[in-house]
Amino acid sequence: MDALATVTYAGTKKNLVESQMVADQPAINGNKVTVVLEFPRDTDPFLKSTVKAAEAAIKYQCGQDVEVTIVTEFKSKPRPAVEQLLPGVKNIIAVSSGKGGVGKSTVSANLAISLARLGYKVGLLDCDIFGPSVPKMFDIEEARPYAVKVDGRDLICPIEQYGVKVLSIGFFVSPTTATLWRGGMATSALKQLIADADWGELDYFILDTPPGTSDIHLTLLQTLPITGAVIVSTPQQVALADARKGIDMYRNEKVNVPILGLIENMAWFTPAELPENRYYIFGKEGCKQLAEEMQVPLLAQIPLVQGICDSGDAGKPAALNVDTMTGQAFINLAQAVVTVVNRRNKEQPKTKVVGMNKQ
């Protein structure tokens with residue numbers, strides 16, 4: 001115990017004895033010593049280094065010929081295996097785009113709200129670790145999720161707003177400070193938002209993914225069996241070129257996630273005072289042509305309307321008002337997504353998570 005008292009646990013900045021991590025008196029049998037250390041959770045980043053330090057301290061104080069066995073236990077039950085994650089979630093939909101600025105988060109928020117208004121149980125995960133926008137769009141920037149105990153595990157309780165369960169890294173970091181994290185830290189945080197949260201029973205789990213085809217996307221594909229992907233793009237050729245890359249990522253033979261359809265956002269501009277007029281600022285029907293080329297459905301054409309932007313900035317997405325043109329457009333989108341998901345589940349096998357390539 002004196003030897004263990006010389007080992008500092010980085011999680012508390014105190015030694016193992018003061019941190020009450022020594023679960024029982026060390027068991028001694030001849031020159032064999034067994035120590036049980038209790039960590040907060042199985043994903044503790046200091047676990048390996050602490051175990052090595054404890055072993056070295058015992059050998060240093062008690063003799064190099066001592067055989068040390070360190071047994072680890074956890075206050076919170078271990079995270080379930082990948083194939084057992086989110087057992088209560090029926091459909092996982094990735095809202096994706098190859099390019100930034102095409103309105104992907106706007107579509108994700110309004111799609112989630114529209115599905116909830118249709119009577120479905122919906123969750124929305126903001127997967128953009130470096131530029132989270134969902135808390136602002138749902139008017140919950142000041143919200144702070146709390147932990148709940150579920151089956152022996154400490155889980156994050158999502159914030160519920162507009163009938164949707166929401167989680168974002170934006171709840172845990174300052175909205176005015178850049179998140180300067182390496183890729184490994186970002187993907188670890190994303191995994192926690194997925195696996196260490198109490199999502200419960202959901203009909204649809206919407207993933208608002210960041211732009212591009214990054215390690216965030218690979219982490220999602222290696223963690224969750226994604227039912228299908230929805231690709232968002234504007235009609236202009238620059239955006240469509242990146243949309244093709246997004247489609248290719250999901251259609252890769254090692255990934256095999258079905259493309260549920262395309263959404264053409266900012267399809268045309270309609271001024272409030274001239275609701276019947278359409279001005280094709282970013283080109284006309286580019287997404288429709290890409291959908292035909294890729295042989296996937298065009299799920300919706302969402303007009304460029306100032307009200308969509310204003311409502312998102314105000315934290316009251318357009319889908320909340322179904323009596324407006326834009327609110328009805330998102331309800332129609334939600335109904336189209338339900339249709340294609342039902343067809344996909346009937347005609348295609350369940351998606352498998354992407355295996356990790358160990359080299």
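Residues numbered from 1 in each chain as written. Predicted model: local features only at pLDDT ≥ 70, side-chain atom pairs only at ≥ 80, totals over all residues. Heavy atoms only, no water.

1. As for the pairing of strand β14 (residues 259-269)
Part 1 of the argument: The element β14 is largely enclosed, with a buried count of ten among its eleven residues.
Part 2 of the argument: As paired elements, strand β13 (residues 228-233) and β14 share five bridges and run parallel to each other. Within β14, the residue paired with A229 across the bridge is I259.
Part 3 of the argument: Following the chain from β13 across helix α6 (residues 237-251) to the adjacent parallel β14, one finds a crossover that is right-handed.
Part 4 of the argument: Here β14 pairs with strand β15 (residues 298-304) via five bridges, running parallel. Pairing of I263 across the sheet is with A300, part of β15. (Buried < 20%, exposed > 50% of the residue type's maximum accessible area, 1.4 Å probe, protein only. Helix = DSSP H or I, 4+ residues; strand = E, 2+ residues; numbered from the N terminus. Pairing = 2+ DSSP bridges. Right-handed = clockwise from strand over helix to strand, strands pointing away.)

2. A word on the packing of aromatic side chains
Part 1 of the argument: Using the criterion set out here, one finds seven aromatic pairs in the structure.
Part 2 of the argument: Ring centres of Y120 and Y204 lie 5.3 Å apart, and the angle between their planes is 90 degrees; this geometry places the pair in the edge-to-face category. Linking Y120 in the loop between α2 (104-117) and β7 (122-126) with Y204 in strand β12 (residues 202-208), this pair joins segments that are 84 residues apart in sequence.
Part 3 of the argument: In this structure Y120 comes out as partly exposed when scored by relative accessible area, which is 28%.
Part 4 of the argument: For Y204, a relative accessible area of 2% translates into the label buried.
Part 5 of the argument: When the centroid spacing of 6.4 Å and the interplanar angle of 40 degrees are considered together, the rings of F269 and Y279 count as tilted. Within this pair, whereas F269 is found in strand β14, its partner Y279 is found in the loop between β14 and α7 (286-294), the two being separated by ten residues in sequence.
Part 6 of the argument: A relative accessible area of 29% means that F269 is categorised as partly exposed.
Part 7 of the argument: Given a relative accessible area of 39%, Y279 falls into the partly exposed group.
Part 8 of the argument: In this structure, R278 is placed above the aromatic ring of W268, and the distance from its NZ or CZ to the ring centre is 3.7 Å. (Phe/Tyr/Trp six-rings, centres within 6.5 Å; stacked < 30°, edge-to-face > 60°. Lys NZ or Arg CZ within 6 Å of the ring centre and 35° of its normal.)

3. Re the pairing of β7
Along any regular strand the residues' side chains alternate between the sheet's two faces.
Part 1 of the argument: Most of β7 is tucked away, with five of its five residues classed as buried.
Part 2 of the argument: Because side chains alternate across β7, one face comprises the buried residues V122, L124 and D126, and the other comprises G123 and L125, equally buried.
Part 3 of the argument: Examined bridge by bridge, β7 and strand β11 (residues 164-168) share five bridges and lie parallel to one another. Considered in β11, the bridge of G123 is made with K165.
Part 4 of the argument: When β7 meets β12, the two strands line up parallel, connected through five bridges. The residue bridging L124 from the neighbouring strand is I206, located in β12.

4. Focus: the nonpolar core
Part 1 of the argument: Of all hydrophobic cores here, the largest spans 89 residues; its most connected members are L125, F138, F205 and I206.
Part 2 of the argument: Ranked by the residues each element gives to this core, the list is headed by helix α9 (residues 325-347), at nine residues.
Part 3 of the argument: Once you skip the residues sitting within four places of it in the chain, L125 turns out to touch L167, L190, L193, I194, W199, F205, I206, L207 and D208.
Part 4 of the argument: By size, the runner-up hydrophobic cluster in this structure holds 19 residues, among which are L4, V35, F39 and L47. (Core = buried A, V, L, I, M, F, W, Y, C linked by side-chain atoms within 4.5 Å. Contact = heavy atoms within 4.5 Å.)

5. Looking at the side chain of S19
Part 1 of the argument: Within the element layout of this structure, S19 appears in the loop between β2 (14-15) and β3 (27-29).
Part 2 of the argument: The buried category is assigned to S19, whose relative accessible area is 14%.
Part 3 of the argument: Polar contacts involving the side chain of S19 include one to the side chain of T12, which spans 2.7 Å.
Part 4 of the argument: Setting aside anything within four residues of it in sequence, one finds S19 in contact with Y9, T12 and K14. (Polar contact = N/O pair within 3.5 Å; in protein donor to acceptor, adjacent residues only side chain to side chain.)

Read these as geometric descriptors, not functional statements.
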